[in-house]
2 protein chains.
Amino acid sequence: MTTPKYYFEDFKPGSIARYGAMPVERAEVIAFAAQYDPQPMHLDEAAGAQSLLGGLAASGWQSCAFLMRLIAAEFILDSAGMGAPGVDSVRWLLPVRPGDVLSVRHEVLEARASQSKPDRGFVKFKFELLNQRGDVVLEQINSIIFARRGRGA
Amino acid sequence: MTTPKYYFEDFKPGSIARYGAMPVERAEVIAFAAQYDPQPMHLDEAAGAQSLLGGLAASGWQSCAFLMRLIAAEFILDSAGMGAPGVDSVRWLLPVRPGDVLSVRHEVLEARASQSKPDRGFVKFKFELLNQRGDVVLEQINSIIFARRGRGA
């Protein structure tokens, strides 16, 4: 196993990053909906058009999963990440549609060494998922646990 | 389109429901991880064993998706549901593993008619996802929008 690039110490409160360019595929939207969230507005254009979403749109949970894919590729997979205790909040602000191209902007809100476990710390992020027009489609706040550099984790 | 069974008025604060019996398949856990959250502990037993999860376990986002699947089947698909603005909180309390059988317990925390849109209301739920031992593996609080009965939505 190679040494990860990013440890707890690398996430400075106030720092901001932009990354990602993920096209949303219609087939993937429908496949996720069929498997996990088969509400008509996530499966079918006509039903979507009659819904608050105004057209076929991804399940909100798939939008969260798209964000996870983007942050994994950008830094989690090359980090000393140890998992996450949960999610503070998610706001689904705008529909995510086939043909959209998604990117991420994140801000480090807080970095706090664990009191009980000196080998790790909690980093709280605000993640924004944006479409190709720069609209924020999803805002999510959550903490991720990272090992501290040189603490033997 | 048939008339839905459940409207805003059918969700009474304090009411509790139990339902579902969904087996977690190893192939589905790995397929989700490969697509959305390819951290080693979600893909591979050995990597999982070395992680905080103590063995191969589903992505937390897949656990949320499993909960969505269960609530859709139980009542959302037969409701006048109009979508959800987001999620107040998610806590991933215990690993979800292949072989687990998941069920749901929910409590209606609050039901509030919309001030601005008289055809709908917001129902706030606490959802607990349980495994076959009765352990709560995930707790989620979020509101869902439902049409009010007979208001022409």
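Residues numbered from 1 in each chain as written. Chains lettered and ligands numbered in written order. Predicted model: local features only at pLDDT ≥ 70, side-chain atom pairs only at ≥ 80, totals over all residues.

Draft legend 1. Seen up close, the overall build of chain A. Secondary structure summary: chain A contains three helices and seven strands in total. Overall, chain A shows an N-to-C arrangement of helices and strands of β-α-α-α-β-β-β-β-β-β. With the principal axes as the frame, chain A shows a C-alpha extent of 55 × 30 × 25 Å. Buried positions account for 38% of the 153 residues belonging to chain A. When contacts within chain A are restricted to residue pairs at least 6 apart in sequence, long-range pairs at least 24 apart make up 72% of them. (Helix = DSSP H or I, 4+ residues; strand = E, 2+ residues; numbered from the N terminus. Buried ≥ 20, exposed ≤ 12 C-beta atoms within 10 Å, placed from the backbone. Contact = placed C-beta atoms within 7 Å.)

Draft legend 2. Local environment of helix α3 (residues 60-74) of chain A. Residue and element names in this part refer to chain A. Taking 1.5 Å of rise per residue, the 15 residues of α3 would be expected to cover 21 Å, and the 21 Å separating its terminal C-alpha atoms lies within 8% of that figure. Counting buried residues along α3, twelve of its 15 residues qualify, which places the element largely inside the surrounding structure. Turning to α3, its buried residues number three or more, namely G60, W61, Q62, S63, C64, A65, F66, L67, M68, L70, I71 and A72. (Expected span 1.5 Å × (residues − 1).)

Draft legend 3. Molecular detail of the relation of the copies chain A and chain B. The two copies are related by a screw operation: chain A maps onto chain B through 180 degrees of rotation and 0.0 Å of translation along the axis, at an RMSD of 0.0 Å. Each copy turns onto its partner about a two-fold axis. Relative to the rotation axis, the C-alpha of A:S89 is the closest in chain A, positioned 2.6 Å from it. Both copies share a contact surface, since 100% of the interface residues of chain A are interface residues in chain B too. (Least-squares fit on C-alpha atoms with pLDDT ≥ 70 in both.)

Draft legend 4. Structural view of helix α1 (residues 26-36) of chain B. By the burial criterion, the buried members of α1(B) are B:V29, B:F32, B:A33 and B:Y36. Taken around the axis of α1(B), the buried residues stretch over an arc of 100 degrees, which confines them to a single face. Every exposed residue of α1(B) that faces more than 90 degrees away from the buried side is listed here: B:A27 and B:A34. Elements in contact with the buried residues of α1(B): α3 of chain A together with α3 (60-74) of chain B. (Arc of directions from axis to C-beta.)

Draft legend 5. How the structure looks around the packing of α3(A) against α3(B). Contact geometry for α3(A) and α3(B): axes closest at 10 Å, N-to-C directions at 170 degrees. Our classification of the angle between α3(A) and α3(B) gives roughly antiparallel. Contact residues: α3(A) offers A:W61, A:C64, A:A65 and A:M68, while α3(B) offers B:W61, B:C64, B:A65 and B:M68. Residues of the contact of α3(A) with α3(B), tallied by class, amount to eight nonpolar, no polar and no charged. (Axes fitted to C-alpha atoms, helices over the stretch in contact; angles between N-to-C directions. Parallel < 35°, antiparallel > 145°, perpendicular 65-115°, else oblique. Nonpolar A, V, L, I, M, F, W, Y, C, P; charged D, E, K, R; others polar.)

Draft legend 6. Up close: the interface of chain A and chain B. Each side of the interface is counted separately: chain A has 27 residues, and chain B has 27 residues. Elements with a minimum of two residues in the side of chain A that touches chain B: α3, β2 (81-83), β3 (86-87) and β4 (89-92) of chain A. Among the elements that take part in the side of chain A that touches chain B, α3(A) stands out by supplying seven residues, more than any other. Its residues assigned to classes, the side of chain A that touches chain B comprises 17 nonpolar, six polar and four charged.

Draft legend 7. A look at the pairing of strand β1 (residues 16-23) of chain B. All names here are of chain B. In terms of residue burial, β1 counts as a barely covered element, since only zero of its eight residues are buried. Two elements, β1 and strand β5 (residues 101-113), share six bridges in a ladder whose sense is antiparallel. Following the sheet pairing, I16 is matched in β5 by E107. (Pairing = 2+ DSSP bridges.)

Draft legend 8. Spatial organisation of the pairing of strand β6 (residues 120-130) of chain A. All names here are of chain A. Relative to β6, strand β5 (residues 101-113) is paired through ten bridges, and the arrangement is antiparallel. Looking at β6, one finds that A111 is bridged to V123. Both β6 and strand β7 (residues 136-147) contribute to a ladder of eleven bridges, which runs antiparallel. Note on β7: the bridge partner recorded for F127 is Q140. Counting the residues that bridge the hairpin from β6 to β7 gives five residues, and of these G134 lies at a positive phi of roughly 85 degrees.

Draft legend 9. Quick look at the environment of A:Y7. Residues and elements named next belong to chain A. Among the structural elements, Y7 can be located in the segment before β1 (16-23). On the basis of neighbour counts, which here come to 20 C-beta atoms within 10 Å, the residue Y7 falls in the buried class. C-alpha of Y7 to C-alpha of R148: the two residues are 141 residues apart in sequence and 5.6 Å apart in space. Residues in contact with Y7, not counting those within four places in the same chain, are A80, F146, A147, R148 and R149.

Draft legend 10. Region of the structure containing the environment of A:V87. With respect to the secondary-structure elements, A:V87 resides in strand β3. Residue A:V87 is classed as buried on the basis of its C-beta count, with 21 C-beta atoms lying within 10 Å. It is 4.6 Å that separates the C-alpha atoms of A:V87 and A:N142, two residues lying 55 residues apart in sequence. Setting aside residues no more than four positions away along its own chain, A:V87 makes contact with A:Q140, A:N142, B:V87, B:S89 and B:V90.

Draft legend 11. Quick look at the nonpolar core. Residues A:L67 and B:L67 are the most contacted members of the largest nonpolar core, which totals 80 residues. With residues up to four places along the chain from it excluded, the contact list for A:L67 reads A:V104, A:F127, A:L129, A:L138 and A:Q140. (Core = buried A, V, L, I, M, F, W, Y, C linked by C-beta atoms within 7 Å.)

Draft legend 12. Expanded view of the confidence of the model for chain A. Mean pLDDT over chain A works out to 96, with 98% of the residues at or above the 70 mark. We note a pTM of 0.97 for the whole complex and an ipTM of 0.96 for its interfaces. (pLDDT = per-residue confidence, 0-100.)

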